[in-house]
Amino acid sequence: MSAKTRTAILISGRGSNMVAIAKAAMADDYPAQIALVISNRPGALGLYAASKMGITAITVDHTAYKKRQDFEAELHAILTAHSIDFVVCAGFMRVLTADFVAKWESRMINIHPSLLPKYKGLNTHARAIAAGDSEHGASVHWVSEGVDEGKIIAQARLKITHSDTAETLAARLLPLEQALFPKALKQVLTTA
Ligand code: GRF
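For the structure given in this document, a descriptive report is provided here. Only a predicted model underlies this, so the values are computations on that prediction, with no experimental measurement involved. (Residues numbered from 1 in each chain as written. Predicted model: local features only at pLDDT ≥ 70, side-chain atom pairs only at ≥ 80, totals over all residues. Heavy atoms only, no water.)

### A word on the pairing of strand β4 (residues 86-89)
Convention followed: Only protein chains enter the accessibility calculation, which uses a 1.4 Å probe. A residue is then buried if its area is under 20% of the maximum for its type, exposed if over 50%, and partly exposed in between. Secondary structure counts use DSSP, requiring at least four H or I residues in a row for a helix and at least two E residues in a row for a strand, with both numbered from the N terminus. Strands are treated as partners if at least two bridges between them are detected by DSSP. Handedness of a crossover is defined as follows: with both strands directed away from the viewer, a clockwise route from the first strand across the helix to the second makes it right-handed.
What you see with β4 is no split at all: F86 and V88 on one side and V87 and C89 on the other are buried throughout. Relative to β4, strand β1 (residues 5-11) runs parallel, the two being bridged by four bridges. Looking at the pairing, A8 lines up with V87 of β4. Examined bridge by bridge, β4 and strand β5 (residues 108-112) share three bridges and lie parallel to one another. Following the sheet pairing, V87 is matched in β5 by M108. Read as a crossover between parallel neighbours, the route from β4 over helix α4 (residues 98-103) to β5 is right-handed.

### Focus: the site of the ligand
Operational definition: Residues are counted as near a molecule or strand when any one of their heavy atoms sits within 4 Å of it. Think of a polar contact as two N or O atoms within 3.5 Å of one another; within protein, one of them needs to be a possible hydrogen donor and the other a possible acceptor, and neighboring residues in sequence only count if both atoms come from side chains. Every accessible area reported is derived by Shrake-Rupley at a probe size of 1.4 Å, with residue values counting cover from the shown protein chains alone. The method works on a 1 Å grid over the protein atoms by themselves. A cavity is a set of points holding a 1.4 Å probe that cannot get out, a pocket is an open set with protein on both sides within 12 Å along at least five of seven lines, and residues with an atom within 4 Å of a point line them. Pocket occupancy is defined atom-wise: a molecule lies in a cavity or pocket when more than half of its atoms are within 2 Å of its grid points. Under the grouping applied here, Gly and all other residues not named as nonpolar or charged are polar, the nonpolar ones being Ala, Val, Leu, Ile, Met, Phe, Trp, Tyr, Cys and Pro and the charged ones Asp, Glu, Lys and Arg.
Around the ligand lies a shell formed by R14, G15, S16, N17, G91, I111, P113 and E177. One of the side-chain nitrogen or oxygen atoms of R14 is found 2.5 Å away from an oxygen atom of the ligand. Protein contact buries 85% of the 370 Å² of open area that the ligand shows by itself. The cavity where the ligand resides is the largest pocket. When the residues that make up the shell around the ligand are grouped by side-chain class, the tally is two nonpolar, four polar and two charged.

### Remarks on the pattern of salt bridges
What counts here: Within this document, salt bridges are pairs made up of a side-chain nitrogen of Lys or Arg and a carboxyl oxygen of Asp or Glu, the two lying within 4 Å of each other.
For the coordinates displayed, the defined rule picks out four salt bridges. Notably, a salt bridge pairs K118 with D133, separated by 3.2 Å at the nearest N-O pair. Of the two residues, K118 is situated in the loop between β5 and α5 (124-130) and D133 in the loop between α5 and β6 (135-142); the sequence distance between them amounts to 15 residues. According to the relative accessible area criterion, K118 is partly exposed, its value standing at 41%. Using a relative accessible area of 15% as the deciding quantity, one classes D133 as buried.

Encoded structure:
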C-alpha cells in the first residue's frame, strides 16, 4: 500500500469537520494521515479534540503578528517543519494571501457552507433563507487567490424548510459537511 499523504488541518473553532476527517483517516486505506492541526485562535475547542485523538495540535495566534505575511510565514514554517504535503482548511477563519495560496497551490482545500458560487463570505445560512432559496448546502473547493472562488470539488445539498432559521439550517447542514469533507479529501488524494 502507498504511503499516506501527510496532511495538516487548519481550524479556528469547534473543529467538528476536522474530527470527521481525522476519524476517517484512521482507516488503513484512507489516503491521508492527519499529522497536524493548527488553530489561529488560542483555546479553540478543536485543539483539545485533536490532542485527544493523539494529533499534534498547535496554536499560531494571528493577533501576535503585526502583518498577515508574518503570521503566514510562521504557519508555512510549521507546516514545512512537520513535512506536511497537503493542507485542509476546516472552519479556518483567516483570509490567506496570494503568496501563501501560491505556495500551497493544488495542495490546499476548504469547506464553505453554501452552494458555491452562491454566498461567498460570511452569514451564508441567513443569506440563503433571506433570498428565499429552496435549497442550501456546502461546497468543498480548492483554495485559490479569490476567497471562496476556487474550483469546486464536491457539494452536499439540503432543502430549506419554512421553519428554518440560520441556526437550524446550519445545524442540519453540519452532519452533511462532516460526511462530505472526508469523502472529498479522499477523492482529491486518490485522483491526484
Ligand atoms: C463549518 O460550517 C464550515 O463550513 C465553516 O465553518 C464551520 C466550521 O465548523 N467554514 P467546525 O469548526 O468544523 O465544527
